[in-house]
Amino acid sequence: MRFLFSKPAPSLPDTIEVENENGSYTIRLRRNERAKRYILRVPTGEKLPVLTVPKGGKLETARDFAKRQIGWLEDKLEKRHAPVSAGDGNAVPFRGIPHDVLYSQKLRGGVQLLKSEEGQPYFSVSGDPNNLSKRLVDFLKKQARQDLEQAVDRHAKTLGKKVATVSIRDTKSRWGSCTSDGRLSFSWRLILAPPEVLDYVAAHEVAHLVHMNHSPDFWQVCTQLAPHTPKARRWLNDNGARLHRYF
Ligand SMILES: [Zn+2]
């Protein structure tokens, strides 16, 4: 008796855990029938490292491979993806400028934007110390909404276009989007970037109200609204991924 189909590859778990003396790491397994060998990567914007398992690859071999690479993995995770928590003493960029985050013993007051005696800006966050990050993120989202609404308003007026809604999200893959009926949405993380970058993304989405594509005509409108378009695009290209490291 012959089978028409080749034997299915043995199923793999979604993730494996590997550990060394420093701790344990969760790695996502991804079978790729075209891969020739095992490959471990730390993809930008993804939470977990990914181990590609080639055709016919086995769980035990994958685990051994990951174990041999653990030093490299550790190094990579530390350098490229170390999340910056908003705890005491960690600087967080706000409108492109690093701000220290200090915990205030006061019970009330929420988040305040203050300046040290040397003129260094910082965030003072009060309340339950366990909710520091959440409080600061809520504050940053509010500021992002304010800046983005202002920029959208200004650009829409220039073009004589109407915007239906502006929403603020935590999108990983795009900084902004626009529907044909004028609903714009943006990543709140743009408030971390220099103001001209936020302004460019606002101009970009507003320009889509004129051209729903990325044609030369579109870029002309976008650059007319935001002359710093090329510079801002370069900045996002070089630094955008870094903005996802916070919180
Ligand atoms: Zn676009």
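Refer to the structure printed above.
Residues numbered from 1 in each chain as written. Predicted model: local features only at pLDDT ≥ 70, side-chain atom pairs only at ≥ 80, totals over all residues. Heavy atoms only, no water.

**Let's talk about the pairing of strand β4 (residues 50–53)**
Within a regular strand, side chains alternate between the sheet's two faces. Using the following cut-off: Burial classes: relative accessible area under 20% of the type maximum marks a residue as buried, over 50% as exposed, and values in between as partly exposed (1.4 Å probe, protein chains only). Secondary structure elements are taken from DSSP: a helix is a run of H or I of four residues or more, a strand is a run of E of two residues or more, and numbering for both begins at the N terminus. Here the rule is simple: two strands pair whenever DSSP picks up at least two bridges between them.
A two-sided burial pattern is seen for β4, the buried positions comprising Val50 and Thr52 on one face and Leu51 and Val53 on the other. One ladder, built from 4 bridges, connects strand β2 (residues 23–31) with β4; its direction is parallel. The residue of β4 that forms the bridge with Arg28 is Val50. Note: strand β3 (residues 39–41) against β4, 3 bridges, orientation antiparallel. The residue bridging Arg41 from the neighbouring strand is Val50, located in β4.

**Notes on the packing of aromatic side chains**
Short version of the rule: Aromatic pairs are defined between Phe, Tyr and Trp rings, using the six-membered ring for Trp, whenever the two ring centres lie within 6.5 Å; interplanar angles under 30 degrees are classed as stacked, those over 60 as edge-to-face, and all others as tilted.
One pass over the full model with this rule turns up 6 aromatic pairs. When the centroid spacing of 6.4 Å and the interplanar angle of 45 degrees are considered together, the rings of Phe94 and Phe139 count as tilted. Of this pair, Phe94 sits in strand β5 (residues 92–94) while Phe139 sits in helix α3 (residues 132–159), placing them 45 residues apart in sequence. Classification of Phe139 as buried rests on a relative accessible area of 18%. Ring geometry for Phe218 versus Trp219: centroids 4.9 Å apart, planes at 75 degrees, classification edge-to-face.

**What about the coordination of the zinc ion?**
We count it as follows: Donor atoms (N, O, S) are those found within 2.8 Å of the metal centre, with the cutoff raised to 3.2 Å for Na, K and Ca; water is not part of the atom list, so apparent gaps in a site can occur.
With distances of 2.0 Å, the protein atoms coordinating the zinc ion are His204 (NE2), His208 (NE2) and His214 (NE2). Owing to a relative accessible area of 10%, His204 belongs among the buried residues under this scheme.

**Observations concerning the sheet that holds strand β11 (residues 183–187)**
Our working definition: What counts as an axis is a line fitted to C-alpha atoms, over the stretch in contact for a helix, and the angles between N-to-C directions run from 0 to 180 degrees. Only heavy atoms enter the contact rule, under which two residues are in contact if any of them lie within 4.5 Å.
Read across the open sheet, the 3 strands follow the order β9-β11-β10; overall the sheet is mixed. In this open sheet, the two strands that pair with only one neighbour each are β9 (165–169) and β10 (176–178). Across the sheet, the mean angle from the axis of one strand to that of its neighbour is 15 degrees, orientation sign disregarded. As judged from the 3 bridges shared by β10 and β11, these two strands associate in the antiparallel manner. In the strand pairing of β11, Cys178 is matched with Leu184. Each of β9 and β11 is contacted by α3, which is oriented at about 145 degrees to β9, the strand it contacts most.

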